[in-house]
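Topology and contacts: notes
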Amino acid sequence: MSWDLFLLLLQASVTTIVVSVVSIVLGFLLATVVCAGTMSSNTLARGAGRLFVSFFRGTPLLVQLLLIYHLLPQIGLDVPSEVAAVAGMALCTAAYQAEILRGGFGAVPKGLMEAADMCGLGAFATFRRIRLPIAVRLTLPSLVSEIIMILKASSLVSVVGVIELTRMTQDLAASTFLPLPLYASAGVIYLAINAVIAGVGTVLERRVARGHA
Amino acid sequence: MTNAPAIRVQGLVKRFGKTEVLTGIDLEAARGEVTCLLGPSGSGKSTLLRCIAFLEEATDGFIEIDGAPLGFALGPDGDRMRLPPNDIRGVRSKIGMVFQQFNLWPHMTALGNVMEALVTARGMSKAEAEERARARLAEVGLAERATHYPSELSGGQQQRVAIARALALEPKIMLFDEPTSSLDPELTGEVLNVMRKLAEGGMTMVVVTHEIGFAASVGHKIVFLDQGKILVEGTPGEVFGKPRHPRIDQFLDTYLDRGAAGLL
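Residues numbered from 1 in each chain as written. Chains lettered and ligands numbered in written order. Predicted model: local features only at pLDDT ≥ 70, side-chain atom pairs only at ≥ 80, totals over all residues. Heavy atoms only, no water.

Points about the pattern of salt bridges
Oppositely charged side chains can pair when the atoms bearing their charge come close. What the rule picks out here adds up to 21 salt bridges over all chains. Where Arg-15 of chain B meets Glu-20 of chain B, a salt bridge forms, and the shortest distance between an N and an O atom there is 2.9 Å. The class for Arg-15 of chain B is partly exposed, based on a relative accessible area of 39%. Here Arg-247 of chain B and Asp-226 of chain B are joined by a salt bridge, their closest N and O atoms 2.9 Å apart. Here Arg-247 of chain B is found in helix H9 (residues 246–256), whereas its partner Asp-226 of chain B is found in strand E11 (residues 221–226), with 21 residues between them in sequence. On the basis of relative accessibility, which here comes to 15%, the residue Asp-226 of chain B falls in the buried class. Residues participating in the shared-partner salt-bridge network are Lys-110 and Glu-114 of chain A together with Arg-50 and Glu-56 of chain B. (Salt bridge = Lys/Arg side-chain N within 4 Å of Asp/Glu carboxyl O. Buried < 20%, exposed > 50% of the residue type's maximum accessible area, 1.4 Å probe, protein only. Helix = DSSP H or I, 4+ residues; strand = E, 2+ residues; numbered from the N terminus.)

Here is the structure:
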């Protein structure tokens, strides 16, 4: 297997990383909204949040991607396949991250919110400055796992025409008849990316452990 | 308004479902007065304090802080009506609270904990807030610990940070909910010393405590609750001196076993 082939794989893995990172960040923002819904005292918001979670957790990501890819043009949105891919992955991970966060929010001691209340922090400031950061700290290991899951799941976005690492490997394998070294290389690249994510996660965990008895 | 007591509680009733935790409490605290709430667990003393902090909403009755109604007032038609959130916020900003579990925010340093509300809620500049926060931390003897996280502080130090956090907001009234109950005896002393200093400085304080010695020596008024009612109320001399209410005798007996006899 030539060096050129490996470079092509590395190029494709940039797409993998970009699509995954954008999906995870958008998914996290959406997850805070969905989580707020599922934890809301408002019946409608709670119902909407639960419906969202049950749909995006209860159907395969592959089906969601194809559904979104074919649905968007139907409603007049002619977007590049990368956008459809990111939309699908973001929605899916939002459902999982929302559930992870819900567990985290539930674990924030009530007294910390009461202290914020007595200091006059108000509902929004309490959420932004106290509840969310503590919930994220408590759920950091689960969130890192979810990020790794999404990075691996990004191999599915090839079905909507995004040439990422897995798809590139497949294409090259078909044209060069070198499947074994190519798939092995792809595996190593995935492993390397995830090792970095896990490493960053460990460092963050260690850092926040200082602020957490 | 200037003659109004710092705290006035009238006919306060609190029910959780069918259980009546407070059954009509009347209480007044003058400015600069230290009121100690004593009583067995389940007597309603913490609930009363939490109602005064508006962390619990009383089922009936009224609370006034510096003459201003807190949460509920008598409406024009004679009904008890809830006041608008802005009014509630305004009155509550005069109240500082210290909790049994300290409730420091674990992801912020001691300084961060004290500064947070000054910046976020009071709109102070960071520099100004830091200056004030450092001054408050120095007052509770923790100037050196400003950059430590709660997990790096002892329980007594954490509670002193919590006191500094409340004081930084310049409250008119400080409420203490069993501030030393999670501390071992050695650390209890350092927290009680800070509270004693605060009382000497003229702060109006309401303290739920099991520290009879502190109540007797610092408290101006002792309020003994039992089963949701005020059983005895008076100066430490009146409440602890003889002749004593038999219920207080019984309550104190448990402390005498623990070597507190000399304090009484």
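From this point, the discussion proceeds with the structure in view.
Comments concerning the pairing of strand E9 (residues 173–177) of chain B
Where a strand is regular, its side chains alternate between the two sheet faces. Residue and element names in this part refer to chain B. With five of its five residues buried, E9 lies for the most part within the structure. Alternating residues of E9 divide into Ile-173, Leu-175 and Asp-177 and Met-174 and Phe-176, and every residue in both groups is buried. Bridge count between E9 and strand E10 (residues 204–208): five bridges; the pairing is parallel. Bridge assignment links Leu-175 to a residue of E10, and that residue is Val-206. Since E9 and E10 lie parallel, the crossover through helix H6 (residues 185–200) that links them has a hand, and here it is right-handed. (Pairing = 2+ DSSP bridges. Right-handed = clockwise from strand over helix to strand, strands pointing away.)

Describing the interface of chain B and chain A
Taken together, the contacts link 23 residues of chain B with 22 residues of chain A. The largest per-residue losses of area from chain B upon contact with chain A belong to Trp-105, Pro-106 and His-107 of chain B, which jointly make up 29% of the total buried on that side. The tally of links between chain B and chain A comes to three salt bridges. One salt bridge in this structure joins Arg-129 of chain A and Glu-116 of chain B, with 2.7 Å as the shortest N-O distance. Along the contact surface separating chain B from chain A lie six residue pairs in polar contact (both at pLDDT 80 or more). Among the secondary structure elements, those contributing two or more residues to the side of chain B that touches chain A are strand E8 (95–98) and helix H3 (110–120) of chain B. At three residues, the largest contribution of residues to the side of chain B that touches chain A is made by H3 of chain B. A breakdown of the residues in the side of chain B that touches chain A according to their chemical character gives 13 nonpolar, five polar and five charged. (Contact = heavy atoms within 4.5 Å. Buried area = accessible area lost by both parts, 1.4 Å probe. Polar contact = N/O pair within 3.5 Å; in protein donor to acceptor, adjacent residues only side chain to side chain. Nonpolar A, V, L, I, M, F, W, Y, C, P; charged D, E, K, R; others polar.)

Re the nonpolar core
Nonpolar side chains in soluble globular proteins tend to be buried together. One finds Leu-48, Ile-163, Met-174 and Met-205 of chain B to be the most contacted residues of the largest nonpolar core, which totals 114 residues. Element by element, the count of residues in this core is highest for helix H5 (residues 155–168) of chain B, at seven residues. Contact partners of Ile-163 of chain B, with chain neighbours within four places excluded, come to Val-98, Val-140, Met-174, Phe-176, Val-191, Val-194 and Met-195 of chain B. Leu-5, Val-144, Leu-151 and Met-168 of chain A belong to the second largest nonpolar core, which has 16 residues in total. (Core = buried A, V, L, I, M, F, W, Y, C linked by side-chain atoms within 4.5 Å.)

What about helix H6 (residues 122–153) of chain A?
Residues spaced three or four apart along an α-helix point in a common direction, a consequence of the helix completing one turn every 3.6 residues. Over its 32 residues, H6 of chain A extends only 39 Å from the first C-alpha to the last, a length that falls short of the 46 Å expected when each residue adds 1.5 Å. At Leu-140 of chain A, H6 of chain A shows its largest kink, close to 65°, and the proline Pro-141 of chain A lies no more than four residues downstream. (Expected span 1.5 Å × (residues − 1). Bend = angle between axes of the 7 residues up to and from the residue.)

Details of H6 of chain B
Residue and element names in this part refer to chain B. For H6, which comprises 16 residues, the first-to-last C-alpha distance of 22 Å matches the rise-based estimate of 22 Å (1.5 Å per residue) to within 8%. What H6 keeps buried is the set Thr-188, Val-191, Leu-192, Val-194, Met-195, Leu-198 and Ala-199. Each buried residue of H6 lies within a common arc of 155° when the element is viewed along its axis, so the set occupies one face. Away from the buried face of H6 by more than 90 degrees, exposed residues Glu-186, Lys-197 and Glu-200 are located. Count one or two residues on from H6 and you reach Gly-202, which has phi positive near 95°. (Arc of directions from axis to C-beta.)

Some points on the sheet that holds strand E5 (residues 68–69) of chain B
All names here are of chain B. The antiparallel open sheet is built from four strands, whose spatial order is E2-E1-E4-E5. Since the sheet does not close on itself, it has two edges, and those belong to strand E2 (19–29) and E5, each with one partner. Pairing of strand E1 (residues 7–16) with strand E4 (residues 60–65), which is carried by five bridges, proceeds in the antiparallel orientation. Paired with Gln-10 across the two strands is Phe-62, which belongs to E4. Sheet strands touched by helix H1 (residues 45–52): E1, E2 and E4. Its angle to E1, the strand with the most contacts, is close to 120°. (Axes fitted to C-alpha atoms, helices over the stretch in contact; angles between N-to-C directions.)

Comments concerning the pairing of E4 of chain B
Residue and element names in this part refer to chain B. Here E4 pairs with E5 via two bridges, running antiparallel. What sits directly across from Glu-64, in E5, is Pro-69. Here E4 folds back onto E5, and the loop between the two strands holds two residues, one of which, Asp-66, carries a positive phi near 55°.

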